[in-house]
Amino acid sequence: MTHWRYAQGARAATAAGLALLVGCGGSGPEGPSPLPTTAPTTPEIAEIAPLVGAARASGRWVGSAVQANLLSADAVYAGTFARHFDYLTAEWEMKWDPTEPTPGVFDFSLGDQIVAFAEANGARVKGHALLWHQATPSWVESLSSAELQIAVDAHIRIVAAHYAGRVVAWDVVNEAIADEGGVLRDSLFLRGLGPDYIASAFRVAREADPQALLFYNDYNTEGMGTKANAAYELVKGLVEQGVPIDGVGLQMHVSARFPPRVEDVAANMRRLADLGLLVNISEMDVRIRELPGDSATRFAAQGAIYRDLVGVCVAEPACHAVTFWGFTDAHSWVDGTFGADDPLLFDEAYQPKPAFSGVEDAFLRR
Ligand code: G3I
């Protein structure tokens, strides 16, 4: 049985291709396979050890956000996900605007396609996201407070009930903390319903799907800064009120110029775990466009950041899953938001980058 491993020197390999050597059983009689000199120009599913094997060795779920249209249109996209991941998040198809575009009229078609793909490939599904100040249809914005509470409760109840038994977790409330000041975000939900909208959302979700793990999910809350402290105090309060919350998603959208300090992420995960909560890395990507140096240098630095931050999850017993926000540089939200970048584990031809090696090393504690 041939086991593929990356040569140590490949850590700094360029995106042009990683040095793949036959490991475990040594080289075959013909000697080591010829090293690929450049990534294939046509996308293909890389013949490498599935990342899920390394994740399972550490007792973690490893996942990615996916898009329904790409799953159905791109066999290499679908096949690469199926080979490497066992945890799936719909990148946008299960949010409020695509699922209830008009009041009381639900469209689960795209979410159902994604869940069916996951089930066909033995992957768990995390629903994302029941309540978020973005991706909320415009009809919600014109409701009175009383109508808004009815609409929010109905949306959460109906969507969570629809997927009950088919998802293992939900991001119930997404990004409720303001970017500055350590306070709740000034959203239509806070204005219309008051701060208790968060606890209420979790209670309705639990009633609709008693089996799903219920998460609070946010960004720039990974370390020990003001926003992270506010998120900690928020979920601490929910736990103390007996609100049915099971964990916290740390999105981990990272700039390689300013990654969160490993020790801060570890301390934050630990204090959340001390509340009795699970934690997960829920949307990880590492932007490198602002890094100096050539591609090889930037990809090597990116790989080290992936290794170190996923390593914090592997070292924290309460951190049960790592999800990347996409897995190929061919399809990342980052390009349209921050400018062209290569933030993910596989390049645009679906070949693994040092980022992939870094994550694999973290799971294998190498
Ligand atoms: O491709 C479809 C098209 O077929 C369809 O007809 C059209 C209908 O609106 O939508 C198109 O999809 C777009 C999708 O991105 C794929 O490009 C959606 O319009 C667009 O809303 C969607 O944006 C997503 C965004 O959340 C809003 O839902 C991004 O993909 C997604 O990466 C981003 O993810 C968020 C997380 O949920 C929360 N954390 C931050 C993260 C990045 O903003």
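The following refers to the structure shown.

1. Focus: the pairing of strand E11 (residues 319-324)
Piece 1. Of all 6 residues in E11, 6 are buried, a share of seventy percent or more.
Piece 2. Looking at chain direction, strand E3 (residues 61-66) and E11 are connected through 4 bridges and run parallel. What sits directly across from serine 64, in E11, is phenylalanine 324.
Piece 3. Where strand E10 (residues 278-287) and E11 come together, 4 bridges link them in parallel fashion.

2. Thoughts on the state of the cysteines
Piece 1. A complete count under the given rule lists 1 disulfide for this structure.
Piece 2. The disulfide bridge from cysteine 313 ends at cysteine 319, spanning 2.0 Å between sulfur atoms. In this structure, the disulfide formed by cysteine 313 and cysteine 319 twists by about -100° around the S-S bond and is classed as left-handed.

3. Comments concerning the pattern of salt bridges
A side chain of one charge can pair with a side chain of the opposite charge if their charged atoms are brought near each other.
Piece 1. All told, the structure shown has 17 salt bridges when counted by the stated rule.
Piece 2. Across the pair arginine 166 and glutamate 119 runs a salt bridge whose closest N-O atoms are separated by 2.9 Å. In this pair, arginine 166 is assigned in the loop between helix H7 (145-163) and strand E6 (169-174) and glutamate 119 in helix H5 (residues 109-120), connecting sequence segments 47 residues apart.
Piece 3. Judged by relative accessible area, glutamate 119 falls into the partly exposed class, the value being 41%.

4. Focus: the side chain of serine 255
Piece 1. Inspection of the secondary structure puts serine 255 in strand E9 (residues 253-255).
Piece 2. The exposure class of serine 255 is buried, given its relative accessible area of 12%.
Piece 3. Residue contacts for serine 255: discarding those within four places in its chain leaves Arg287 and Glu290.

5. Overview of helix H14 (residues 354-363)
Piece 1. Within H14, 10 of the 10 residues are buried, which leaves it mostly tucked inside the rest of the structure.
Piece 2. Residues of H14 that are buried: Pro354, Ala355, Phe356, Ser357, Gly358, Val359, Glu360, Asp361, Ala362 and Phe363.
Piece 3. Positive backbone phi, approximately 55°, marks arginine 365, located one or two places after H14.

6. Focus: the site of the ligand
Piece 1. As a structural note, the neighbourhood of the ligand is formed by 14 residues, with Glu91, Lys95, His128, Glu175 and Glu283 the closest of them.
Piece 2. Contact between the ligand and glutamate 91: an oxygen atom at 2.5 Å from a side-chain N or O atom of the residue.
Piece 3. Between the ligand and glutamine 251 there is a distance of 3.2 Å, counted from a nitrogen atom to a side-chain nitrogen or oxygen.
Piece 4. Contact with the protein chains covers 57% of the free accessible surface of the ligand, which is 780 Å².
Piece 5. Taken together, the residues of the shell around the ligand sort by class into 4 nonpolar, 6 polar and 4 charged.

7. Topic: the environment of glutamate 44
Piece 1. Positionally, glutamate 44 belongs in the loop between strand E2 (20-23) and helix H1 (51-57).
Piece 2. Sequence separation of glutamate 44 and tyrosine 350 is 306 residues, and the distance between their C-alpha atoms is 6.2 Å.
Piece 3. Residues within four places of glutamate 44 in sequence aside, it is in contact with Val76, Ala349, Tyr350 and Gln351.

8. What to know about the packing of helix H12 (residues 295-315) against H14
Piece 1. Put simply, H12 and H14 touch, their axes get as near as 7 Å, and they point 25° apart. Taken together, H12 and H14 sit at an angle that is classed as roughly parallel. Crossing handedness for the pair H12 and H14: right-handed. Seen from H12, the contacting residues are Phe299, Ala300, Gln302, Gly303, Tyr306, Arg307, Val310, Gly311 and Val314; seen from H14, they are Pro354, Ala355, Gly358, Val359, Asp361, Ala362 and Phe363.
Piece 2. For the contact of H12 with H14, the per-class residue count stands at 10 nonpolar, 4 polar and 2 charged.

Definitions and cut-offs
Residues numbered from 1 in each chain as written. Predicted model: local features only at pLDDT ≥ 70, side-chain atom pairs only at ≥ 80, totals over all residues. Heavy atoms only, no water. Buried < 20%, exposed > 50% of the residue type's maximum accessible area, 1.4 Å probe, protein only. Helix = DSSP H or I, 4+ residues; strand = E, 2+ residues; numbered from the N terminus. Pairing = 2+ DSSP bridges. Disulfide = S-S within 2.5 Å. Salt bridge = Lys/Arg side-chain N within 4 Å of Asp/Glu carboxyl O. Contact = heavy atoms within 4.5 Å. Near = heavy atom within 4 Å. Polar contact = N/O pair within 3.5 Å; in protein donor to acceptor, adjacent residues only side chain to side chain. Areas by Shrake-Rupley, 256 points an atom, 1.4 Å probe, with all protein chains shown as cover. Nonpolar A, V, L, I, M, F, W, Y, C, P; charged D, E, K, R; others polar. Axes fitted to C-alpha atoms, helices over the stretch in contact; angles between N-to-C directions. Parallel < 35°, antiparallel > 145°, perpendicular 65-115°, else oblique. Left-handed = near helix turned anticlockwise from the far one by under 90°.

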